[in-house]
Amino acid sequence: MTDPKKYKELQYLDRNESQYGPSPNCYEFLKNVTIDELSCYSRDFARGIKSSLSKRIADDFGLPERQVILSYGSEDLLKQIIHYYLERKEKILIPREAWWYYKKVAYEVGGFNVEYPMAKRITNEGIATFMYDVDKMIEIYDRESPRIVLIASPNNPTGNRIPKEDLKRFLDACRGALVMIDEAYWGFGSLENDYVKPFLDEFPNLVICRTFSKYYALAGCRMGFSFAGKNLEELINYSMRYLGYNRISEKLGEIAIDDSEYYERVTALMQEDKEYFYTEFAKLDGFTPYKSYANFMLVDMPMDIRKGLNKFLKERNLLIKFLDEEAFKTETRITLGTREQNMYLMDSIKEYLGK
Ligand SMILES: Cc1ncc(COP(=O)(O)O)c(C=O)c1O
């Protein structure tokens, strides 16, 4: 029997936030923030750069600083891109099995969505997964001629990613559109970065969006960064902030990038817990865990236990996300917690099921 009162406060395993928190060096910096950092604008613009953070990222990726865009989280840039480029009645092509938010933005400017479906299959390790079906995507792209195409890799809430070869084939087929790759969940499945520059060189209408919210656990600081292809000068200018960005958040971003050892340690723990979830969920009747390259996992559950399980977990101060959308009726998205939270969640689910 688990202790039903283990947690005195709600544990939010429903929002894809980090439960481990950022590098401890971030707290050290915050203890010593100067008056200047609080009361003055950054002087970086006068130095000919947007910020020392964009310069740092650009140097790491071997790109001109201009091609690195900073934003108020990646949500901000997603919105800026759609508001800037999408005209009334134009289309944006998005995944059907996607973050609900994608489905809203086009309507704000009088545009509309067309959707491409993902396929399902079983991986070589025997785990269920969604996958980008590039042939289908190209077919729909050719038919619909969207102005903007959106790909999320890893995708929320399915947790799958698009392999580089597939991505390249797709980008090749849709050179006429602006393609945005949302990589908000970069880092949890792989730390690969070396495709960024070659892809931007080859596909000048491409934007790759990342964030400090997920892997770097700084969601409260609202820092996103993106890489823009060479045809997107207007977007680069449009997104420019002449008075600079949030100096504290910028600094925290740099400190986080520097502490790769901390983040790799946390990610390794999360990876072990994902393996544990794959095994344990697969043992439960009617449950299907999906392969995850993110900080969350999609789990299909029997419909008839949803309500009762939700109530049972809430009484234990555990929140997970029972999806109720057109594409997801029986699935639940679980944000990976700390080891302790994950074990307690699994034990609680088993207890509810009488296992
Ligand atoms: C797929 C996806 N993209 C982007 C974001 C936005 O993150 P942020 O604005 O914090 O960078 C989220 C947030 O949950 C997300 O799930």
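Along each chain, residues carry numbers from 1 onward, in the same order as the chain's sequence is written. In keeping with the model being predicted, local features are shown solely for residues with a pLDDT of at least 70 and side-chain atom pairs are shown and tallied solely at 80 or more, while totals for entire chains, interfaces and linings include all residues.

S.K.: Even after reading the chapter, I still don't get the overall build of the chain, so can you show me in this structure?
M.R.: Going along the chain from the N terminus, every DSSP run of H or I of four or more residues is numbered as a helix, and every run of E of two or more is numbered as a strand. Assigned secondary structure in the chain consists of 13 helices and 14 strands. Between the two quantities, the radius of gyration covers C-alpha atoms and the globule rule is 2.2 Å times the number of residues to the power 0.38. Here the chain has a C-alpha radius of gyration of 21 Å; the compact-globule value for 355 residues is 20 Å, and the two agree. Its C-alpha atoms give the chain principal-axis dimensions of roughly 65 × 55 × 35 Å. Taking all 355 residues of the chain together, the buried fraction comes to 40%. Excluding contacts between residues fewer than 6 apart, the proportion of contacts in the chain whose partners are at least 24 apart in sequence is 72%. Here a residue counts as buried when 20 or more other C-beta atoms fall within 10 Å of its C-beta, as exposed when 12 or fewer do, and as partly exposed in between; the C-beta atoms come from the backbone. We call two residues in contact when the distance between their C-beta atoms, placed using the backbone, is within 7 Å.

S.K.: Honestly, the pairing of strand 6 (residues 128–131) in this entry has me stumped. Any pointers?
M.R.: On any regular strand, side chains alternate: one points to one face of the sheet, the next to the other face. Strand pairing follows a simple DSSP-based rule, namely that at least 2 bridges must link the two strands. Here four bridges tie strand 5 (residues 119–122) to strand 6, and the two strands are oriented antiparallel to one another. In the strand pairing of strand 6, A119 is matched with M131. In textbook terms, the turn of a hairpin is the stretch between consecutive antiparallel strands, and for strand 5 and strand 6 this stretch comprises five residues, one of which, G126, has a positive phi near 85°.

S.K.: Looking at this model, I keep getting lost on the sheet that holds strand 11 (residues 288–289). Mind explaining?
M.R.: Paired through their backbone hydrogen bonds, the strands of a sheet run either parallel or antiparallel. Strand order across the open sheet formed by five strands is 1-13-14-12-11, with mixed pairing between neighbours. Edge positions in the sheet fall to strand 1 (11–13) and strand 11, since each has one partner strand and no second. Of the strand pairs in this sheet, strand 1 and strand 13 (residues 318–322) are connected by three bridges, and their pairing is parallel. Its bridge partner being in strand 13, Y12 is matched across the sheet by L319.

S.K.: Mind showing me how you'd approach the site of the ligand here?
M.R.: In the vicinity of the ligand lie 13 residues, with G73, S74, E75, T211 and S213 positioned nearest. Of the residues forming the shell around the ligand, the biggest block, three residues, is contributed by helix 4 (residues 73–85). Grouping the amino acids of the shell around the ligand by side-chain chemistry returns four nonpolar, seven polar and two charged. Put plainly, near means the residue's C-beta atom, positioned from the backbone, lies within 6 Å of the molecule or strand in question. Here the nonpolar group is Ala, Val, Leu, Ile, Met, Phe, Trp, Tyr, Cys and Pro; Asp, Glu, Lys and Arg are the charged ones; every other residue, Gly included, is treated as polar.

S.K.: Help me out: how do you make sense of the sheet that holds strand 9 (residues 206–211) in this one?
M.R.: Within the open sheet, the seven strands sit side by side as 2-10-9-8-7-3-4. Their pairing is mixed. With one partner strand each, in any of the chains shown, strand 2 (68–71) and strand 4 (112–116) form the two edges of the open sheet. Strand-to-strand twist of the sheet, defined as the mean angle between neighbouring strand axes without regard to direction, takes the value 25°. Relative to strand 8 (residues 178–182), strand 7 (residues 148–152) runs parallel, the two being bridged by five bridges. Every axis in this analysis is a line fitted to C-alpha atoms, fitted for helices over the stretch in contact. Angles between the N-to-C directions lie between 0 and 180 degrees.

S.K.: Would you take a moment to explain the packing of helix 3 (residues 52–61) against helix 10 (residues 247–258) for this structure?
M.R.: Their axes nearest at 9 Å, the elements helix 3 and helix 10 cross at an angle of 30°. Regarding the angle of helix 3 to helix 10, the classification is roughly parallel. Here helix 3 contributes S52, L53 and R56 to the contact with helix 10, which in turn contributes E250, G253, E254 and I257. For the contact of helix 3 with helix 10, a count of residues per class yields two nonpolar, two polar and three charged. If an angle is under 35 degrees, it is roughly parallel; if it is over 145, roughly antiparallel; if it lies from 65 to 115, roughly perpendicular; otherwise it is oblique.

S.K.: Looking at this model, I keep getting lost on the nonpolar core. Mind explaining?
M.R.: If you look at soluble globular proteins, the nonpolar side chains tend to sit buried side by side. Among buried residues, those of type Ala, Val, Leu, Ile, Met, Phe, Trp, Tyr and Cys that are joined through C-beta atoms within 7 Å form a set called a nonpolar core. With 83 residues, the main nonpolar core has I81, I82, I148, L150, V179, M180 and V207 as its most contacted residues. The domain boundaries here were taken from an automatic or database domain assignment. Counting contributing residues per domain, this core is built from domain 1 (11–23 + 260–353) and domain 2 (34–258), each supplying no fewer than three. Discounting chain neighbours no more than four positions away, the residues touching L150 are I92, L93, I94, Y102, M180 and D182.

S.K.: Would you mind going over the environment of T34 with me for this structure?
M.R.: Considering the arrangement of structural elements, one finds T34 in the loop between helix 1 (24–31) and helix 2 (35–39). Taking the C-alpha atoms as reference, T34 lies 9.8 Å from I248; in sequence the two are 214 residues apart.

S.K.: In this structure, what is going on with the packing of helix 1 against helix 10? I would like to understand it.
M.R.: If you want to describe how two helices pack, look at the angle between their axes and the distance between the axes. In the contact formed by helix 1 and helix 10, the axes pass within 9 Å of each other and the chain directions differ by 145°. In this structure, the crossing between helix 1 and helix 10 has a hand that is right-handed. Across the interface between the two elements, N25, C26 and F29 from helix 1 touch K251, L252, I255 and A256 from helix 10. Considered class by class, the residues forming the contact of helix 1 with helix 10 number five nonpolar, one polar and one charged. By the definition used in this description, the sense in which the near helix is turned from the far one sets the handedness, with an anticlockwise turn below a right angle giving left-handed and a clockwise turn giving right-handed.

S.K.: Got a minute to help me understand the domain arrangement of the chain in this structure?
M.R.: Frequently, the measure chosen for interface size is the accessible area removed from exposure when the parts meet. What the domain assignment lists for the chain is domain 1 (11–23 + 260–353) and domain 2 (34–258). Placing the centre of domain 1 and that of domain 2 at their C-alpha centroids yields a distance of 26 Å. Counting only elements with at least two residues in the side of domain 1 that touches domain 2, the list comes to helix 11 (260–282), strand 11 and strand 12 (296–300). Here the side of domain 1 that touches domain 2 gets four residues from one element, more than from any other, and that element is helix 11. Looking at the side of domain 1 that touches domain 2 residue by residue, the classes come out as 15 nonpolar, eight polar and four charged.

S.K.: What am I meant to see in the pairing of strand 7 here?
M.R.: Within strand 7, five of the five residues are buried, which leaves it mostly tucked inside the rest of the structure. Side-chain alternation along strand 7 places I148, L150 and A152 on one buried face and V149 and I151 on a second face that is also buried. Bridging between strand 3 (residues 91–95) and strand 7 involves two bridges; their strand directions are parallel. Within strand 7, the position partnered with I92 by the bridge is I148.

S.K.: Whenever I open this one, the environment of Y195 confuses me. Can you help?
M.R.: Locating Y195 in the fold gives a position in the loop between strand 8 and helix 8 (196–202). Given 13 C-beta atoms within a 10 Å radius, Y195 is considered partly exposed. Put simply, Y195 and K164 are 31 residues apart on the chain and 8.2 Å apart in space, counted from C-alpha to C-alpha.

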